[in-house]
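# Working through the structure, step by step
Below are the chains, spelled out letter by letter.
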Amino acid sequence: MSETADKVKKIVVEHLGVEEAKVTPEASFIDDLGADSLDTVELVMAFEEAFGVEIPDDAAEKIQTVKDAIEFIEKQQAAA
Amino acid sequence: MFAQGFAPRRVVVTGMGIASPLGLGIENVWNRLTNGESGISAIQAFDTKDLPARIAGQVPAGTKADGKLDLAEWIPVKDQKKMDRFIQLALVAAVEAVEDSGWMPEAEADRCATGVMIGSGIGGLQTIQETAALVVENRARRISPFFIPASLVNLASGHVSIRYGFKGPNHSAVTACATGVHAIGDASRLIALGDAEVMVAGGAEAAICELGIGGFCASRALSTGFNDAPATASRPWSKDRDGFVMGEGAGVLVLEELEHAKKRGAKIYGEVIGYGMSGDAYHITAPPDDGDGAFRAMKAALRDAGVAPEAVNYVNAHGTSTFADDVELGAVERIFGDAAKNLAMSSTKSAIGHLLGAAGAVEAIFSILAIRDNVAPPTLNLDDPSRESPIDRVAKVAQQRKIDVALSNSFGFGGTNASVIFRAAP
């Protein structure tokens, strides 16, 4: 797993208080990890803070799974 | 109060919970209080070097088994950040109270008949302070999505309702230091009038942060002369008192319609028999010298209860350790007249400080336990009162005495006054 994926996973575990094993790439924050809409807002803010990237609201809406988050952040990092 | 011919229903107390500077759990806190222990100590939460008041009554950290607070034992870690400390403390006291009452209904109708009214004087001050710092740093975009719901006063009631599925009236009192009594009194009336069968009511406060301590320092309300001897700083009625000591915590009562409680065989601690309110219409932070507002609140509560002053055996005073102590004393003497010489009145703020919006709820619990055990808790540090009184102020040591009826006073900034009267279980 990439360094970014590792870090994303750690943030998800910490913020949603879920077991690490549940945080698979396909896991949906809302459907599988018990997040509500406010939790996902906070999660996106935590990603922004941790990776020094900006995630606009329309992009944030599309980040629904762990994999979505990792891919978006990696793309941002590659572009930077 | 009520229209002629209307008979309000009777309201009893069937559960109680407390988080206070003397710890958690009503038996633990009551034991420590009646043993004359103090919960006041140097402020741990932040560096007080820039402030003249450096002490407070803080809820002690430790395990539940030791009567102390480890939040993880009460609230899932991921939910803690969604609530300011005042809500966390409210939840702790509410869980204790609800479990104590045994009222955790599953049926929809029962849940809809159960409401919550937990108030706070200020709300999420610590969270507001931390969040405002982001704005100062030009980082307003980093404000947490939980900031608003973590700070709002009525979210204490909200969280308790969500935890237990209580779908009845969900309400919140915000009347500064009178909040706790207003919550209990108003919630009792909702039951008396038929809006609910059960109400989880009380107050919570957690304002021991720079904004809270600094703000009350600025209004010259806090004690500053006893920083080196914290346990002696809260000294109601003492000649050398110099302000209140801020405390944090929560008190929650389960109030229940009498027949509802009897039908389910609930343990009944006591009955809420009187509630009275008044406004000073005088000054934003000070009472009038004659204590007229306090007098009228007590008088209204006695009228509501239908008892004569001489029926009251114990008064839990507002008694914050400020100049206003003697104003309240004068008002109580006027109400009680000749009966004053038989009365015990103490200020339990001497042991735990002033819990602001939680004070009235915590002190209501103490008043009910005073009735249950026939014990008047002491006024600590009362060696040398600023004036004599025929009223026994229970100096330093708890007293065993017959207590059937107890009255508790709470007065708040803005000139808001409330009194509540309890009687032994019917």
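These numbers were taken from a predicted model, which means no experiment stands behind them. (Residues numbered from 1 in each chain as written. Chains lettered and ligands numbered in written order. Predicted model: local features only at pLDDT ≥ 70, side-chain atom pairs only at ≥ 80, totals over all residues. Heavy atoms only, no water.)

### Things to note about the overall build of chain B
Threshold: We count a stretch as a helix when DSSP gives it H or I for four or more residues in a row; a strand needs E for two or more, and each element gets its number in order from the N terminus. Within these notes, the globule rule equals 2.2 Å times the number of residues to the 0.38 power, and the radius of gyration is based on C-alpha atoms. Type-normalised accessible area, obtained with a 1.4 Å probe on protein chains alone, sets the label of each residue: buried when under 20%, exposed when over 50%, and partly exposed for intermediate values. Whether two residues touch is decided by their heavy atoms; if any such pair falls within 4.5 Å, the residues are in contact. Areas reported here follow the Shrake-Rupley algorithm with a probe of radius 1.4 Å; residue values treat only the protein chains shown as occluding.
Across its full length, chain B holds 14 helices and 15 strands. Relative to the 2.2 N^0.38 estimate, which gives 22 Å for 426 residues, the radius of gyration of chain B is 20 Å and therefore close to what a compact globule would have. Judged by the C-alpha coordinates and their principal axes, chain B covers about 60 × 55 × 45 Å. Looking at chain B as a whole, 62% of its 426 residues qualify as buried. Sequence-distant contacts in chain B: of pairs separated by 6 or more residues, those separated by 24 or more amount to 78%. Of the roughly 15500 Å² of accessible surface on chain B, a fraction of 53% belongs to carbon and sulfur atoms.

### Some details on the overall build of chain A
A count of helical and extended segments in chain A gives 4 helices and 0 strands. Along chain A, helices (α) and strands (β) appear in the sequence α-α-α-α when read from the amino end. The C-alpha radius of gyration computed for chain A amounts to 11 Å, which stays within 12% of the reference 12 Å derived for 80 residues, consistent with globular compactness. Along the three orthogonal principal directions, the C-alpha set of chain A runs to about 30 × 25 × 20 Å. Classification of the 80 residues of chain A by burial places 45% in the buried group.

### Topic: the environment of B:E310
Residue and element names in this part refer to chain B. Note on placement: E310 falls in the loop between helix 11 (292–305) and strand 10 (314–316). Residue E310 is classed as exposed on the basis of its relative accessible area, which comes to 56%. Separated by 157 residues in the primary sequence, E310 and V153 have C-alpha atoms spaced 38 Å apart.

### So, helix 11 of chain B
What sets the pattern is the α-helix's 3.6 residues per turn: residues three or four places apart point alike. Residues and elements named next belong to chain B. As a reminder of what qualifies: Residue count minus one, scaled by 1.5 Å, sets the expected span of a helix.
Given a rise of 1.5 Å per residue, 14 residues ought to cover 20 Å, and the 20 Å separating the end C-alpha atoms of helix 11 matches this to within 8%. Within helix 11, burial applies to G293, A294, F295, A297, M298, A300, A301, L302 and A305. Lining the buried residues of helix 11 we find strand 9 (270–279), helix 12 (324–336), strand 14 (405–412) and strand 15 (416–424).

### A few points about the side chain of B:T179
All names here are of chain B. We apply this condition: For the purposes of these results, a polar contact is taken to be a pair of N or O atoms within 3.5 Å, where, inside protein, one atom must be able to donate a hydrogen and its partner to accept one; residues adjacent in sequence count only when each atom of the pair is a side-chain atom.
Looking at the secondary structure, you find T179 in helix 8 (residues 179–193). Looking at T179, the relative accessible area reads 0%, which means it is buried. Polar side-chain contacts of T179 include one of 2.9 Å to the backbone nitrogen of T175. Of note is the side chain of T179, whose polar atom sits 2.6 Å from the backbone oxygen of A176. The residues contacting T179, other than those within four sequence positions of it, are G119, S120, G121, A173, V174 and G357.

### Remarks on the pairing of strand 9 of chain B
All names here are of chain B. Just so we agree on the cut-off: Strands pair, by our definition, only if DSSP identifies at least two bridges between them.
For strand 9, a buried count of 8 out of 10 residues is recorded, marking the element as mostly surrounded by other parts of the structure. Examined bridge by bridge, strand 1 (residues 11–20) and strand 9 share 3 bridges and lie antiparallel to one another. What sits directly across from V11, in strand 9, is V272. Bridging between strand 9 and strand 15 involves 9 bridges; their strand directions are antiparallel. The residue of strand 15 that forms the bridge with G276 is S419.

### A look at the interface of chain A and chain B
One frequent convention defines the size of an interface as the accessible area lost when the parts assemble. Under the convention used in this document: Here's the idea: put two parts together, see how much 1.4 Å probe accessible area each one loses, and the total over both is what we call buried area. In the sections that follow, a salt bridge refers to a side-chain nitrogen of Lys or Arg positioned within 4 Å of a carboxyl oxygen of Asp or Glu.
Facing 13 residues of chain A, the contacting portion of chain B comprises 11 residues. Interface area for chain A against chain B, summed over the two sides, is near 1000 Å², with a carbon-plus-sulfur share of 45%. For chain A, the biggest contributors to the area lost against chain B are A:L38, A:E42 and A:M45; these three give 44% of the whole. Joining chain A to chain B, the criterion identifies 7 salt bridges. Between A:E49 and B:R142 there is a salt bridge, and its shortest N-O distance comes to 2.9 Å. On inspection of chain A and its partner chain B, the count reaches 7 residue pairs in polar contact (both at pLDDT 80 or more). Of all the elements in the fold, those that place two or more residues in the side of chain A that touches chain B are helix 1 (3–16) and helix 2 (37–51) of chain A.

### A few points about the environment of B:R264
Residue and element names in this part refer to chain B. Summarising the element assignment, R264 is placed in the loop between helix 10 (258–263) and strand 9. The contacts of R264, once residues within four sequence positions are left out, are T14, S101, G102, W103 and E256. Within polar-contact distance, the side chain of R264 engages the backbone oxygen of S101 at 2.9 Å.

### Points about the layout of surface pockets
Empty space left among the atoms is revealed by rolling a probe the size of a water molecule over them. Put simply, the rule reads: The way it works is a 1 Å grid over only the protein atoms, where trapped points that fit a 1.4 Å probe form a cavity and open points with protein on both sides within 12 Å along at least five of seven lines form a pocket, and then any residue with an atom within 4 Å of a point lines it. Grid points are joined across faces, edges and corners, and a volume is the space filled by probe spheres set on the points. Three residue categories are used. Nonpolar comprises Ala, Val, Leu, Ile, Met, Phe, Trp, Tyr, Cys and Pro, charged comprises Asp, Glu, Lys and Arg, and polar comprises the others, including Gly.
The calculated volume of the largest pocket comes to roughly 540 Å³. What lines the largest pocket is a set of 37 residues, and nearest its centre among them are B:T285, B:P287, B:T322, B:A324 and B:F413. Listing elements by their share of the lining of the largest pocket, those giving two or more residues are helix 11, helix 12 and strand 14 of chain B. In terms of residue class, the lining of the largest pocket is built from 14 nonpolar, 16 polar and 7 charged. Its boundaries defined by the atoms lining it, the second largest pocket holds a volume of some 460 Å³. Lining the second largest pocket are 23 residues, with A:E42, B:K81, B:E130, B:T131 and B:S144 sitting closest to its centre. Elements that contribute at least two residues to the lining of the second largest pocket include exactly helix 2 of chain A together with helix 3 (85–101), helix 5 (125–136) and helix 6 (147–151) of chain B. Counting residues per element, the lining of the second largest pocket draws most heavily on helix 5 of chain B, at 5 residues.

### A closer look at the UniProt feature "modified residue: O-(pantetheine 4'-phosphoryl)serine" (unreviewed entry) in chain A
Using the following cut-off: UniProt positions are given in the numbering used here, feature names are shortened, and annotations may be inferred rather than shown by experiment.
Residues annotated by UniProt as "modified residue: O-(pantetheine 4'-phosphoryl)serine" (unreviewed entry) correspond here to A:S37. In this structure, A:S37 sits in helix 2.

### Some remarks on empty space enclosed by the protein
With the rule as written, the count across this model stands at 1 cavity of 30 Å³ or more. Considered as a void within the structure, the largest cavity measures approximately 30 Å³ in volume. Its residues assigned to classes, the lining of the largest cavity comprises 7 nonpolar, 1 polar and no charged.

### Observations concerning the nonpolar core
Residues and elements named next belong to chain B. For the record, the criterion: Grouping buried Ala, Val, Leu, Ile, Met, Phe, Trp, Tyr and Cys residues that are joined through side-chain atoms within 4.5 Å yields what is termed a nonpolar core.
The biggest cluster of nonpolar side chains holds 49 residues, and the ones touching the most others in it are V13, M16, I184, L253, L255, F366 and F422. The element best represented in this core is helix 14 (residues 359–373), accounting for 10 residues. Excluding anything up to four places from it in sequence, L255 contacts V11, V12, V13, I184, A187, S188, I191, E197, V198, M199, A201 and V272. Membership of the second largest hydrophobic core comes to 33 residues, among which are L71, L91, A156 and A204.

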